[in-house]
Structures are given as structure tokens and as C-alpha cells.
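These are the residues of each chain, in order.
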Amino acid sequence: MSKLPNVEFAVRQRYSAAAHTRVDALCCPVEYDQNLLAAIPKEVLDRDYGCGDPSRHLRRGETVLDLGSGTGKICFIASQVVGPEGRVIGVDMNDDMLALARKHQPAVALNVGYSNVEFRKGRIQDLALDLEKLDAELRSHPIQSAESYLAAELRAEELRVRHPLVASDSIDVVISNCVLNLVEPKSKQQLFGEIFRVLKKGGRAVISDIVSDEAVPDEMQNDPELWSGCISGALTEEGFLSAFAQAGFYGIRILNLHMNPWQTVRGIDFRAITVEAFKGKQGACFERNQAVIYKGPFKEVLDDDDNRMERGKRYAVCDKTYELFKKAPYREFFEFVDPRVPVAPESAAPYDCQRPALRHPRETKGQDYDLTTKPGECCDGGGCC
Ligand SMILES: C[S@@+](CC[C@H](N)C(=O)[O-])C[C@H]1O[C@@H](n2cnc3c(N)ncnc32)[C@H](O)[C@@H]1O
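Here the structure is a predicted model, which is why all the values come from computation and not from measurement.

**Things to note about the overall build of the chain**
Thinking step 1. Looking only at helices and strands, the chain features 13 helices and 16 strands.
Thinking step 2. Seen through its principal axes, the chain has C-alpha atoms that stretch 80 × 55 × 50 Å.
Thinking step 3. Looking at the chain residue by residue over its 385 residues, the buried ones come to 50%.
Thinking step 4. Long-range contacts, defined as pairs at least 24 residues apart, comprise 74% of the intrachain contacts of the chain with a sequence gap of at least 6.
Thinking step 5. Carbon and sulfur atoms provide 51% of the accessible area of the chain, an area that totals close to 19,500 Å².
Thinking step 6. Distance from the positive charge centre (49 side chains) to the negative charge centre (58 side chains) of the chain: 3 Å.

**Section: the nonpolar core**
Thinking step 1. Core analysis: the biggest nonpolar cluster contains 30 residues, and Leu 65, Val 174, Leu 180, Ile 195, Phe 240, Phe 244 and Phe 249 have the highest contact counts within it.
Thinking step 2. Going through the elements one at a time, β1 (63-67), β2 (87-92), β4 (171-177), α8 (185-198), β5 (199-212), α11 (237-246) and β9 (268-278) are the ones with two or more residues in this core.
Thinking step 3. At five residues, the largest contribution of residues to this core is made by α8.
Thinking step 4. By size, the runner-up hydrophobic cluster in this structure holds 25 residues, among which are Ala 18, Tyr 49, Ile 210 and Ala 234.

**Section: the sheet that holds strand β11 (residues 290-294)**
Thinking step 1. The three strands lie next to each other as β14-β11-β15, forming an open sheet whose pairing is antiparallel. Each of the sheet's edge strands pairs with one partner strand only, and the pair in question is β14 (314-317) and β15 (334-337). With direction set aside, neighbouring strand axes in the sheet form an average angle of 30°.
Thinking step 2. With four bridges joining them, β11 and β15 adopt antiparallel strand pairing. Pairing of Val 292 across the sheet is with Phe 336, part of β15.

**Overview of the packing of aromatic side chains**
Thinking step 1. If you walk through the whole model with that rule in mind, you get 13 aromatic pairs.
Thinking step 2. Ring centres of Tyr 250 and Tyr 330 lie 5.9 Å apart, and the angle between their planes is 20°; this geometry places the pair in the stacked category. Of this pair, Tyr 250 sits in strand β7 (residues 250-257) while Tyr 330 sits in the loop between α12 (319-325) and β15; the two residues are 80 residues apart in sequence, bridging distant segments of the chain.
Thinking step 3. Taking the relative accessible area as the measure of exposure, Tyr 250 reaches 3% and is therefore buried.
Thinking step 4. Members of the aromatic cluster, connected to one another through ring pairs, are Tyr 250, Phe 278, Tyr 294, Phe 325, Tyr 330 and Phe 334.

**Topic: the site of the ligand**
Thinking step 1. Inspection of the region around the ligand gives 22 residues, with Tyr 49, Gly 68, Asp 92, Ile 124 and Gln 125 positioned closest.
Thinking step 2. Contact distances for the ligand include 3.2 Å between an oxygen atom and a side-chain N or O atom of Lys 73.
Thinking step 3. At 3.1 Å from a nitrogen atom of the ligand is found a main-chain nitrogen or oxygen belonging to Asn 177.
Thinking step 4. Summarising the interface, the protein chains cover 99% of the accessible area of the ligand, which totals 590 Å² for the free molecule.
Thinking step 5. In the shell around the ligand, the residues fall into 10 nonpolar, eight polar and four charged.

**Focus: the pattern of salt bridges**
Thinking step 1. Counted by the stated rule, this structure contains 35 salt bridges.
Thinking step 2. Ionic pairing is found between Asp 53 and Arg 56, a salt bridge with its closest N-O pair at 3.5 Å.
Thinking step 3. Of the charged contacts, one joins Asp 169 and Lys 279 as a salt bridge, the two residues approaching to 2.9 Å between their closest N and O atoms. Note that Asp 169 is positioned in the loop between α7 (146-162) and β4 and Lys 279 in the loop between β9 and β10 (286-287), a separation of 110 residues in sequence.

**Observations concerning the side chain of Glu 276**
Thinking step 1. Relative to the assigned elements, Glu 276 resides in strand β9.
Thinking step 2. At 2.8 Å, the side chain of Glu 276 forms a polar contact with the side chain of Arg 253.
Thinking step 3. Residue contacts for Glu 276: discarding those within four places in its chain leaves Arg 204, Ala 205, Val 206, Gly 251, Ile 252, Arg 253 and Leu 255.

**A closer look at the packing of helix α1 (residues 7-20) against helix α5 (residues 95-112)**
A pair of packed helices can be characterised by two numbers: the angle between their axes and the separation between those axes.
Thinking step 1. Direction vectors running N to C along α1 and α5 enclose 30°, while the axes themselves pass 7 Å from each other. By the criterion of interaxial angle, the relationship of α1 to α5 is roughly parallel. Within the contact between the two elements, α1 uses Tyr 15, Ser 16, Ala 18, Ala 19 and His 20 and α5 uses Asp 96, Met 97 and Leu 100.
Thinking step 2. Partitioning the contact of α1 with α5 into residue classes produces five nonpolar, two polar and one charged.

**Section: a nonpolar patch on the surface**
Thinking step 1. A cluster of nonpolar side chains, namely Ile 143, Tyr 149 and Leu 150, defines an oily patch on the protein surface of about 300 Å² accessible area.
Thinking step 2. The topology assignment puts Leu 150 in helix α7.

**Here we look at the side chain of Glu 184**
Thinking step 1. Summarising the element assignment, Glu 184 is placed in the loop between β4 and α8.
Thinking step 2. For Glu 184, a relative accessible area of 16% puts it in the buried group.

**A look at the packing of helix α4 (residues 73-82) against α5**
Thinking step 1. In the contact formed by α4 and α5, the axes pass within 11 Å of each other and the chain directions differ by 25°. Comparing the axis directions of α4 and α5 gives the class roughly parallel. Two packed elements cross with a definite hand, and for α4 against α5 that hand is right-handed. In this structure, α4 uses Phe 76, Ser 79 and Gln 80 to contact α5, whose residues at the interface are Ala 101, His 104, Gln 105, Val 108 and Val 112.
Thinking step 2. Residues belonging to the contact of α4 with α5 are distributed by class as follows: four nonpolar, four polar and no charged.

Here is what the cut-offs are and how they apply
- Residues numbered from 1 in each chain as written.
- Predicted model: local features only at pLDDT ≥ 70, side-chain atom pairs only at ≥ 80, totals over all residues.
- Heavy atoms only, no water.
- Helix = DSSP H or I, 4+ residues; strand = E, 2+ residues; numbered from the N terminus.
- Buried < 20%, exposed > 50% of the residue type's maximum accessible area, 1.4 Å probe, protein only.
- Contact = heavy atoms within 4.5 Å.
- Areas by Shrake-Rupley, 256 points an atom, 1.4 Å probe, with all protein chains shown as cover.
- Lys, Arg positive; Asp, Glu negative; His and termini not counted.
- Charge placed at Lys NZ, Arg CZ, Asp CG, Glu CD.
- Core = buried A, V, L, I, M, F, W, Y, C linked by side-chain atoms within 4.5 Å.
- Pairing = 2+ DSSP bridges.
- Axes fitted to C-alpha atoms, helices over the stretch in contact; angles between N-to-C directions.
- Phe/Tyr/Trp six-rings, centres within 6.5 Å; stacked < 30°, edge-to-face > 60°.
- Near = heavy atom within 4 Å.
- Polar contact = N/O pair within 3.5 Å; in protein donor to acceptor, adjacent residues only side chain to side chain.
- Nonpolar A, V, L, I, M, F, W, Y, C, P; charged D, E, K, R; others polar.
- Salt bridge = Lys/Arg side-chain N within 4 Å of Asp/Glu carboxyl O.
- Parallel < 35°, antiparallel > 145°, perpendicular 65-115°, else oblique.
- Patch = residues over 30% accessible without salt bridge, like charges linked within 9 Å, V, L, I, M, F, W, Y side chains within 5 Å.
- Left-handed = near helix turned anticlockwise from the far one by under 90°.

Okay, structure coming up:
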């Protein structure tokens, strides 16, 4: 059994150096909005180690968390997209990267006319632990014995609970640019769990990263240079999407996949991808007699709860699913059938998941529905039939 190198150590060393001098091998050319780059100092732009642009999927007023913010470029772009009523938090574990980002933050605030960005020190697979607070604790209680080591672990746990670096359910959009692949394999699942934890219900992740078309073999995973160069830790295209699903996300889709590989190593293609995934399908299901019709173009689709829907048929859904389907990314694929007599949320019964999948039109209209209308009343604006 081969042994993985100390991934985090290799990553820390490489990005400390890359904070001081630009490293071309770590950069995958990305076209950012030139108007938004104008407010950002050259030293930040020179140390661009991204592979995509999640910031173009943000909206005004949103609270955004950027994982592995580096010198802050994506945070500074995001700051302008979300505007003064929005907020941006960058998290990085590397002191040199944080120092550079913090050094330029006041200049960017001056250029854009407001200050809505802050940088925090943490590991993205452990977003509850504030490493600067832990540093302070360890300075006043240095580790000198096994006992003080165990006490430090307890203090770290206390910090996670009492003063989390990023609180649960507090973020509208988690973004990241070329960082998730750098997290060691044993922490990858925890990383996706952390992204899920910090998002508000209804929030979303928009993540740009590097993926491979085949699994990366052990020999390549043992190479620290390939690790810190965004190669060895890449998940496969399929594995990347599954990691979101396993963490509880829904509505997962590829926003961008560069078919031209960024790099090919021993026949394996590594390319940039941007994925969007939503949080919020968890929760109770109530029956309010609603139905949805999948419009196509595919003959059938399977949703994230394994419900299969054929094109053109009316499917019974619970109120929670009905409301989810009315929002992005589903809304354009469905028509929505409300019951003729609405069921108030207070009087709705729990949804029976064993009921037939299809909803007969009589269920939404009522068994005694007997209306006859004149032609023309059925069409938008009238007179079209
Ligand atoms: C490839 S650079 C990307 C930087 C930035 N997102 C950009 O677009 O230029 C990776 C960054 O992630 C940080 N990083 C890597 N692993 C990390 C981890 N586990 N926790 C926090 N930051 C991490 C590194 O320190 C570095 O700043």
C-alpha cells in the first residue's frame, strides 16, 4: 500500500512561495470581466491561481463565502457584483496569501466606494475553527506535554462551538476557484459537508475546480508536486458531482466544462469545471394537492429523490417539492398545477409517499367539477383558438 505525501504541508509551502512570486504553472487562463478588474491592484491580479469564474453567477445583495481566497481576486470581483448591500468573506489557511489579500483590501474598498470584504484564517474542510483565535489560545497556553495537547484539542472544540469561523446557515452562496482539489482525500467528504453546513436553506454553491476524465492512479497521488499543482487531488468529473449529491445538495448542474484540457498527465486529461448545487430539499412534506408536468425535451427525468417523471404526465408532488421546482434550476422544465380549492398550509396533512405517482386532473379540480366555458376564455388574451 503506497503512502500519500503530506498534502497540506506541500500545499502550504507551494502557495506561500506563490504569494511572493507569480508561478505560471499554477494558473489556468480565465477571462474575467475587465470592468471589475480595474479596481483591483496589479499585485493581486498577477497572483491569479484560479481556473474559472464563479463570481459571474452571483447576484446583488448576496452574502458570499470564497473558499481558498488566495490573494483575494475573486473576493474583490464578488464585492462589486453583490454591491454595498452584499458581503464577501474569504477564507484561506495560508498566512502569506492572507497578508497580501488584507494588504490590498483598503485600496479596493477605496476604489469601489465601500467596504464589504473580510478575510479569515481557516481550513476549508473545518470552517468552524478560527485558526487565528486558536493561535491566540496556544500562545497563552503553549503545548508542552500530552496533557496540554489534549487540553488544546478541547479548546479548539470549544472555539468551534462558541465562536465558529463561519456559522451554520449563514451564507447565501459558497464559491471557490481551484481549491477543493487541494484538500487531502480523507477530508474531502467533510469539506463538502462543511459547504452544506454554512449555507442557508435555499442557498447554493458555485464551485470552479479541476476534474479528471479518469481516476488518478496511486503513483500520481504520491507526487507532492502534482498534488500542490492542482493535479493529483482532482476528483473525476463524475466523482465531483457525486460529492455534492452525497453531502445533500440538489439541482446539481455543470455550468461550464472546458472541453479543451488545461493539462494532460500520462494520458489523463485535467480540465476546468464550474458546478452549481443547491441546499434546501431537506424538511417535512405536506399534501396540498399540487401537481407538476415535466415539459421535456427528454422522454423522462429522475429527480434527486429518485422520482421518475415522464414528459407530459401530471405528477403528484408535496408542497416542499412543488416550491423547489418553481425555483432555479428546475422552473423552466415544468408546468405547475394548483388545486382549484387551495389547501391551507395549517390544514395540510403529511404527504403519503406511497400514493400513486400520477395525480389525476380530478384530484386537483375536484370530483364534482362541472364547468363549461366559451371558446376564447381558455387562451392568453382570448380569441386565439
Ligand atoms: C490555486 S490557489 C487559488 C487561489 C484563488 N482562489 C484564486 O482564484 O487565485 C489555492 C488557494 O487555496 C488555499 N488552500 C489550499 N488548501 C486549503 C485548505 N485546506 N484550507 C484553506 N485554504 C486552502 C491556498 O493557500 C491558496 O491560497
